[in-house]
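# Observations on chain architecture
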Amino acid sequence: MRSITITPQKAFCISVEAENISPDKFAPLTLSQIKSLVVWQGNRQKTLSELFVVEGDDAPAKAEELTIRLIGDFSQVKRIGEGMTAGVVLAEESVGMHAGNNMLGGLLSISGSADDWLAREMRGGKVLVMGNAGNYVGSGYRGEKCGMRGGEIEVRGSAGAFLGEHLCGGSIRIAGDAGDFAGAANQGGTIFIGGSTYLPGAEMSKGTITVKGEAKVLPSFQKTEIVQIDGLAFQKYAGDLVDNGKGELLVGVGSS
Amino acid sequence: MGGLKEMIIKGGIVYDPANGIYGEEMDLFIDQGRMALQAKGEEIDARGLLVMPGGVDAHSHIAGKKVNTGRIMRPDDARQGTEPRSAVCRPSTGYTVPNCYAMGYRYARMGYTTAFEAATPILEARHTHEELEEIPIIDKGALTLFGSNWQVKECVRDKDLAKLAANVAWGLCAARGYGVKIVNPGGGEAWGFGANVKGVNDPVPNFDVTPAEIITGLAQANEMLNLPHSIHLHFNNLGKPGNYTTAIETLDLLKDIKPSRMRQVVHVAHMQFSAYGGTSWRDFESKAPVIADYFNCHNHATMDMGQLLFGSATTMTADAPLEYGNARLTHNKWSNHDIELEESSGVVPMTYFRKMLVNAVQWAIGLELALLVNDPWKVLMTTDHPNGSPFVNYPEVVTLLMSKPKRDLEMATLHEQLPKRTTLAGLERELDWTDIAIMTRAAPARVLGLADKGHLGPGADGDVSIYNLRPDEVDTSLDHALVKKALANAMYTIKGGVVVSKEGRILAAPPGRTFWVDATVPQADADRLMIDLEEKFAKYYSIQIANYAVQDAYLPHANVIRAGLSVPQEVA
Ligand SMILES: [Zn+2]
């Protein structure tokens, strides 16, 4: 196994775009080649080693045999693990926007929190966040009709608004609450929310949204039956009928 | 960067069909930004390489409100093709609807130096010129929409040809436009009431006229005004199965009109979309052979291909009911726009699929048209950017036309029913560099009436493209991948005597010029017209007539071409 460690040289007040921090990009390169990969800070092009201390094994190895450790605060560093297909990225603290977007495989594990657009348009692999995630987790970016298509996102804390917007597949699990409009325009993915949310599933045409806590349900959802899941009762709804949707919404009965 | 340097292009294999030069080894000279018989100065080594005039695109949607609507609707498109700024270039974004800067850089990289925006309503022309001015390097112009205009229809109804000509001249001047564009005539008006016109003889609601009368009236006015370009026509029923009969019927209306210049009477926009057989999408088939036959037997019309390629596109047109149909068909997002007394329009993003039979047939029709029409001067190579595909894919279209093996390779990946619906599989013709130089340079310039474009004779604009290809060695049929790569990034693109692009790198980004046509008409006709217009503006328009016309300040690099009744007729 090859291991590379990256540590910011200082706190960034202008955010950094670092889509090159990915096992796939590092895999064929020696340590010195990795250090000269391009990152952008604002509108200035820099090398990775101008902004970060880069240490670790020198010899190139396959992406699946590579672990990238991010030490320190990466909350101003965007696009970590973008498009990665294999390998592991471990962040000890928080990461910035667009982490894991277009991810195809491997593991992105974040011990702190993630900013907005976590794993947007993800297609495979796993993203795990121990803290909270921002808005638009697993959704499609502006103008896109399809968000996450496959893979798995797990957030142990809470998530912001528009969780899984335009979801086309895959599964998202939030232990805590989700913000407004969770699962908007869901076209076939699965969402589980351990806490509460507001107006889930607007414009959903397919897929399943389960809310263990409370949810304000749109009037365009029709109550069907009460179902039992793991010994808990859930009210089942069909919708969104505004869009002739065939989606399933399940909201906990009498919890919290 | 001075444009006035002298330059010698040494030893290229030159294709300049307008001057009867078909692959001759020769030196070219540029002086004061124009082709010359002699020059000194900087030498460019083009020994053995393919040299042609700068490319001319006569039909492309590059500027104005609907292009910008496409950008606003498609932030997903903006993300594709982003390039950071450089010392010379501003940042680029987009693929089907690139930002203004990217339009200029991408045309220049391919060796193109001129492109015309194909449809601008007068009311929105100011926006078009604001964008055209921001497109660097290339020369430009914009065609002006007249086909659903209230004043036009009233002049046609009253059979007042002199007033109609005055109306066209006034509209071109107000829009700083280059020529007469007609889109689904009458349909834009009918769409205001949720309807469409169904053929050339279907009356336009509330106006006692038919599309046939609008088309022939505007064609006659166009020739009365001796305009450099002919009418530029998007047929009724475009994009519908069985519409080839409308195409033939419309072309027949125009065959006896005498052109005022050495050119066609009508240019047909994106013919591919109007060469459809069948009664529905289920029995949809190509009628390209019938259309090509018509063009082979008549000399009053030219066409551009409107080639469709698989992948992402953004459809945009002043044919609003067509876009409503597209939006219903694809369940995609849709923009619909009403332009007061002038037009209506729409924008719908689109993806064309290889395995979708309809899309495969559309792909084949464009190629069939170009291969079945014998005279390359009648067929311009376009993709109706970005309706059929973005213009950056022109090298793909050219290689498909030059290589039967490439077409066979492509067809093997398409829907298996394709050979039953088109004749493409049986077409052996492979175009050569002379054909390509005509269809991408000489013919578009002649069709538009741009005397100094599309050729390399003395006095022509110093626009030259040099490609890293040896015409004497490369087998364009077999080495199609090599040809495509070379065409995507010209070795040199020279614009007005300045090297603007070298091997895909933009070296200079000077502003291009904007061509427009100022046509004079008898004062009495203009006066009669003004009485009508003043009433319309007072009653119906949302703005005052005094604020309507585009001011010259919006065209700091204007190139005015004079036309009209006082201009002496060319002697044939
Ligand atoms: Zn067009």
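Take the sheet that holds strand β15 (residues 311–317) of chain B next. All names here are of chain B. Across the sheet, three strands lie side by side as β15-β17-β16; this open sheet has antiparallel pairing. What marks the edges here is a single partner per strand, and that holds for β15 and β16 (335–339). The mean angle between the axes of side-by-side strands here comes to 15°, regardless of whether they run parallel or antiparallel. Note: β16 against strand β17 (residues 343–352), five bridges, orientation antiparallel. Residue pairing for β17: S335 is matched across the bridge by V347. In the packing of helix α1 (residues 65–73) onto the sheet, contacts are made with β15, β16 and β17, and the angle to β17 comes to roughly 45°.

Time to look at the coordination of the zinc ion. Residue and element names in this part refer to chain B. Summarising the metal site, the zinc ion is bound by the protein donors H59 (NE2), H61 (NE2) and D384 (OD), whose distances to it range over 2.0 to 2.1 Å. The sequence pattern formed by the donor residues of the zinc ion is H-x1-H-x322-D. Taken together, the residues H59 in strand β6 (residues 55–60) and D384 in the loop between β18 (379–380) and α13 (394–402) connect sequence positions 325 residues apart. H59 gets classed as buried once you look at its relative accessible area, which sits at 0%. Given a relative accessible area of 3%, D384 falls into the buried group.

Okay, the state of the cysteines next. For the structure shown, the criterion picks out one disulfide over all chains. Across a sulfur-sulfur distance of 2.0 Å, A:C146 and A:C168 are joined as a disulfide pair. You can see A:C146 sitting in the loop between β10 (126–129) and β11 (152–155) and its partner A:C168 sitting in the loop between β11 and β12 (171–174), a full 22 residues away along the chain. Given a relative accessible area of 15%, A:C146 falls into the buried group. Its sulfur unpaired, B:C100 is 14 Å from the next cysteine sulfur, which belongs to B:C89. Residue classification places B:C100 among the buried residues on the basis of a relative accessible area of 12%. In this structure B:C155 is a free cysteine whose sulfur lies 17 Å from that of B:C173, the closest cysteine sulfur available.

Conventions we followed
Residues numbered from 1 in each chain as written. Chains lettered and ligands numbered in written order. Predicted model: local features only at pLDDT ≥ 70, side-chain atom pairs only at ≥ 80, totals over all residues. Heavy atoms only, no water. Pairing = 2+ DSSP bridges. Helix = DSSP H or I, 4+ residues; strand = E, 2+ residues; numbered from the N terminus. Axes fitted to C-alpha atoms, helices over the stretch in contact; angles between N-to-C directions. Contact = heavy atoms within 4.5 Å. Donors = N, O, S within 2.8 Å, 3.2 Å for Na, K, Ca; no water. Buried < 20%, exposed > 50% of the residue type's maximum accessible area, 1.4 Å probe, protein only. Disulfide = S-S within 2.5 Å.

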